[in-house]
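# Fold and contact review
Here is how the chains run, residue by residue.
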Amino acid sequence: MNNMRPSTGISRRRRSAIGAAATFKRRRTNNYYHYRREDLAFFVFCCCIFAIPMKALMDWIVSQTFSPATVEVKQHSYTEEGLIINGDPKCVKTKSSIGSPFGRAADNLQLGPCAYFFEEKQAPPGGWLHDIDYFFDRPGQQLEAKEQCYLDCLRGLAEDEITPSFLIRAAQMKLPKVVQTLMDDYGMDPLYKVKSTDGIPRLNAVQEAVHGGYPVVLKTLTRGNIKLVIDNYGRTVEDYITMRASPIRPFHALKYFGIKVPETNLSPLIAFNDTEFEKLEERQGWTSNTAYPHQYDNTCDIDVVNGLSREEFYREYLLPGRPVLIRDQAADGELQAFSKKYWQTTTDFHPSSKHKVGPTAYPSLTDQKACDTKLSISEMENATECPTMPGIPMVHARHPTNRDLELLYPATNGEVINPTHSWAKLTEFFHVHSHRKNHMQLFWGGDGSGATFHWHLSAFNILYAGLKEWRLAPPLFRGFTGMPASKVQLDASFSLKCTQKPGDLLWFPDYWGHMTINHRFSIGAAIIHGGYRNLNVDPEMRARDDALHNTASERETTETLVPRHEEQASAKTEAEVPDFFFVHINKCGGSSMISMLNERCPGQWRNEKWSSPALLRTFHCSAQCWIDRWGGKAWNDQYSFAIVRHPLARAVSNFFFLIDQCSKKRSKICEERAISTHYNGVVINDLADDELKINLFHSWVEKAYKLFPPGSHNHHLFGSHAHNNDVYSTFNATMTSWMVNADGEIAVDEVYRLEEMASGGMDKLSTKIPCLKNAATASERFLAEQEEEESTEEHPHLPAQQQHVQLATKNTSPPYPDYERFAANRRTKEIFLEVYAADFHNFGYKWPDPSRLQVQASK
């Protein structure tokens, strides 16, 4: 199987000619536009001097801009957007992605150089206030003209202009005749996909057809074969269609494929805890009054999960194109920043502050106006109507400013996508590290208000207060309307419903139609990240695709799925693989160990950084981090080890270290972990009273347990800063989680206890890593390094080399009592034995006996 040449998506008889032509074109294109600009400037100059007629100028531009092969299609003329095909001004062949001169156009309507200006929205026959503009339900002649445009343009393209990704794009755009042509005339493979370079799966044409809910396209691509395997998990077309909330709706499944979707897939799913919801509402303080009783408070037509790893998200939702709701993603601290009590402490969001409101989130999109009177948040909470729009609930929407975000996310100074927030899934799933490059929106509205039916790229949506009813529709049924959300009626045969409560995070794929109705005063936010399927098939993409289909294309097969880390590792030579792997758990002597490795094993240990699946490096690299970097084979072949420490000793050391660091220089880590650095204006480490220091630690333990409880998405913050290892779903507060694989099994070869390193542990390790023997004795060297390390902790934003330079310049630890003195507190003991149960069990630690210290003190 490994000797097989990857499929390019183009029939074998056409490959050599296309490849050669593409290669020639790329060589020629390097100076192509430079040459054209010079000629054009000279020619225009000549026109001005010699009065050459303007028509001659235009004819020359057309002849020089498009190759002879592209002008074989009949009745062409030229416009500034490109070459008009068959006299239709909406049908253009262009050299790049272009905007529409005919109003706002959908951003997915370009097929290579072929573009058709098909408006994203049109006023429906009944008008915006009474009807819905369904994107694929416009007059038949419009849809026929669009597809005919692509067919005509395609016939005029040179062979080297047509790439395998055209079939994927045609499936995205619901072009069944173009799909048929590309398969029949160009031999394109429906299972071809562009290989991922960032770890996010790419889709083949069949998956794209499912994504859109396009049964005719899907049947064309598969020739009606529902048993066709379409992904690397061995799943078939039938498997995709019968999933809960599949974009191919049940009536289409039966009509086009003879598949009767099981009734169990249409049943309600997972109720949320009403009692907890009522307690949360009471804490937040907003009114719970509603005149719109919610009929679906305990049901969802889409999957509802209590947690979701990246691998599960890719497999179950991104590839099949299904929406999903993740329960309780926002911690209580994040939710309380949207409480009435907190907003009363602000100016911008004080309940008395007035804001622009309207019948929909953005009225101008459907040729409407906002309310001519601003309403206060309190008025909206109490469902006050706009004087000029009686009977219509009002909603407010805005793109938050930096000042807004600093107020709403105070713990992180306005940085929204943070490991402590519900938005952390954006980083885990799509490598998004900042909201600033994405489209963020903030909403609030009174009872019965909401976002009316519309569509856009994929988005994450969080609810912070209230109760929200969702209605969703696959891309085939997407549309726009200006009707208030409470008046929109979507056909139950294609729409899906779900209820979102505070803290829930909902994700839907690209181009899903959706609307919401608030069932009491509600506050929510959304980040539109989208574009994970966008091929951007412009000339640059075509050149890249030419290279990809010759060297890095892949075809869906029934072979075992190759994990992302193995794809990355395949480019590495055996000489580059480290001789051993060290899982560096913070506050466990890791800086001392790395200092020794840098000094004594430079040829076998390297400090590196890499950016997938997140910004990671050898410093604080977990087992999964190493496996992702080098692959499972390299990990299994090489020796791996970790160093652990008594859980209480580690926590105490880290607590006082962070206070020391944060009190000396600005750092977000203390805020991230809810650690206060001062007590009554004095740095906690400078307090003379040891008992007070101990009590302050116990207070923090209780607070951290409430903020980062076991099972929560940010539970790791109870134990330590994640150093981006929180992209792995198995990562939590325990030291055990640093050394497990994706299945949750301890994957390191050996685990050493810090307490034993100076009494023989280092000597044992040196037999595995001989270069460490270069010290006078390995144990003596490690002990000396460890004494230095207690005075400084690795800073996550400094290169490892700088950190090690700092190690040699400090010799005193932040002053704090012996960790065993902290063991007397009963509540702290209960919390630690629960949170670190795995560590106590796996590494043989026992809870300290505080009476031992009392006996020693009495002696």
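As the structure is a computational prediction, the values presented were derived from the model and not from experiment. (Residues numbered from 1 in each chain as written. Predicted model: local features only at pLDDT ≥ 70, side-chain atom pairs only at ≥ 80, totals over all residues. Heavy atoms only, no water.)

## Comments concerning the nonpolar core
In terms of nonpolar packing, the biggest core is built from 119 residues, with Leu182, Leu221 and Trp423 touching the most fellow members. Beyond its immediate sequence surroundings of up to four residues, leucine 221 is in contact with Leu167, Ala171, Val179, Met183, Pro190, Ala205, Val206 and Ala209. Of all hydrophobic cores here, the second largest spans 81 residues; its members include Val652, Leu687, Tyr752 and Val835. (Core = buried A, V, L, I, M, F, W, Y, C linked by side-chain atoms within 4.5 Å. Buried < 20%, exposed > 50% of the residue type's maximum accessible area, 1.4 Å probe, protein only. Contact = heavy atoms within 4.5 Å.)

## A few points about the packing of aromatic side chains
Applying the stated criterion across every chain yields a total of 47 aromatic pairs. Ring centres of phenylalanine 135 and phenylalanine 136 lie 4.9 Å apart, and the angle between their planes is 85°; this geometry places the pair in the edge-to-face category. Phenylalanine 136 shares its class with phenylalanine 135; the two are buried. For the ring pair phenylalanine 697 and phenylalanine 822, a centre distance of 5.1 Å and an interplane angle of 85° mean the geometry is edge-to-face. With phenylalanine 697 in helix α25 (residues 690–707) and phenylalanine 822 in the loop between α28 (800–807) and α29 (826–835), this pair connects stretches of sequence that are 125 residues apart. What makes phenylalanine 697 buried here is its relative accessible area of 0%. Its guanidinium or amino end placed over the ring of phenylalanine 657, lysine 587 lies 5.0 Å from that ring's centre, counting from NZ or CZ. (Phe/Tyr/Trp six-rings, centres within 6.5 Å; stacked < 30°, edge-to-face > 60°. Helix = DSSP H or I, 4+ residues; strand = E, 2+ residues; numbered from the N terminus. Lys NZ or Arg CZ within 6 Å of the ring centre and 35° of its normal.)

## A look at the state of the cysteines
For the structure on display, the rule yields seven disulfides. Shown here is the disulfide that connects cysteine 300 with cysteine 498, its sulfur atoms set 1.8 Å apart. Its torsion about the S-S bond being 75°, the disulfide of cysteine 300 and cysteine 498 is classed as right-handed. Here cysteine 498 lies in strand β18 (residues 496–500) and cysteine 300 lies in the loop between α11 (274–284) and β8 (303–305), a separation of 198 residues in the sequence. Taking the relative accessible area as the measure of exposure, cysteine 300 reaches 1% and is therefore buried. Each sulfur of the disulfide joining cysteine 371 and cysteine 386 lies 2.1 Å from the other. (Disulfide = S-S within 2.5 Å.)

## Considering the sheet that holds strand β12 (residues 395–398)
Spatially, the seven strands line up as an open sheet ordered β8-β9-β19-β15-β21-β13-β12, and their pairing is mixed. At either margin of the open sheet sits one strand with a lone partner, and together these are β8 and β12. Strand-to-strand twist of the sheet, defined as the mean angle between neighbouring strand axes without regard to direction, takes the value 20°. Two strands pair when backbone bridges link them, and strand β13 (residues 439–445) and strand β21 (residues 522–528) are joined in this way by seven bridges, in the antiparallel orientation. The residue of β21 that forms the bridge with tryptophan 444 is isoleucine 523. On top of the sheet, helix α12 (residues 310–318) reaches β8, β9 (324–326) and β19 (505–508); it is set at about 50° to β19, its chief contact. (Pairing = 2+ DSSP bridges. Axes fitted to C-alpha atoms, helices over the stretch in contact; angles between N-to-C directions.)

## Remarks on the confidence of the model for the protein
Averaged over all residues, the pLDDT of the protein is 77; the fraction at 70 or higher stands at 74%. With pLDDT under 50 throughout, residues 776–783 is counted as low confidence; its partners more than four residues away or in other chains account for 23 contacts. Overall, residues 787–812 carries pLDDT values under 50, and its contacts beyond four positions in sequence, including any with other chains, amount to 62 contacts. (pLDDT = per-residue confidence, 0-100.)

## A short note on the pairing of strand β26 (residues 639–644)
By the criterion of burial, β26 is predominantly enclosed, with six of the six residues buried. Taking every second residue as pointing to the same face, both faces of β26 are buried, with Tyr639, Phe641 and Ile643 on one and Ser640, Ala642 and Val644 on the other. Bridge count between strand β23 (residues 580–583) and β26: four bridges; the pairing is parallel. Each bridged residue has a counterpart across the sheet, and for phenylalanine 581 the counterpart in β26 is serine 640.

## Considering the packing of helix α5 (residues 165–172) against helix α7 (residues 205–212)
Between α5 and α7, the shortest axis-to-axis distance is 8 Å and the interhelical angle comes to 10°. Relative to α7, the element α5 is oriented roughly parallel. Where α5 abuts α7, its residues Leu167, Ile168, Ala171 and Gln172 lie against Ala205, Glu208 and Ala209. A class-by-class count of the residues in the contact of α5 with α7 yields five nonpolar, one polar and one charged. (Parallel < 35°, antiparallel > 145°, perpendicular 65-115°, else oblique. Nonpolar A, V, L, I, M, F, W, Y, C, P; charged D, E, K, R; others polar.)

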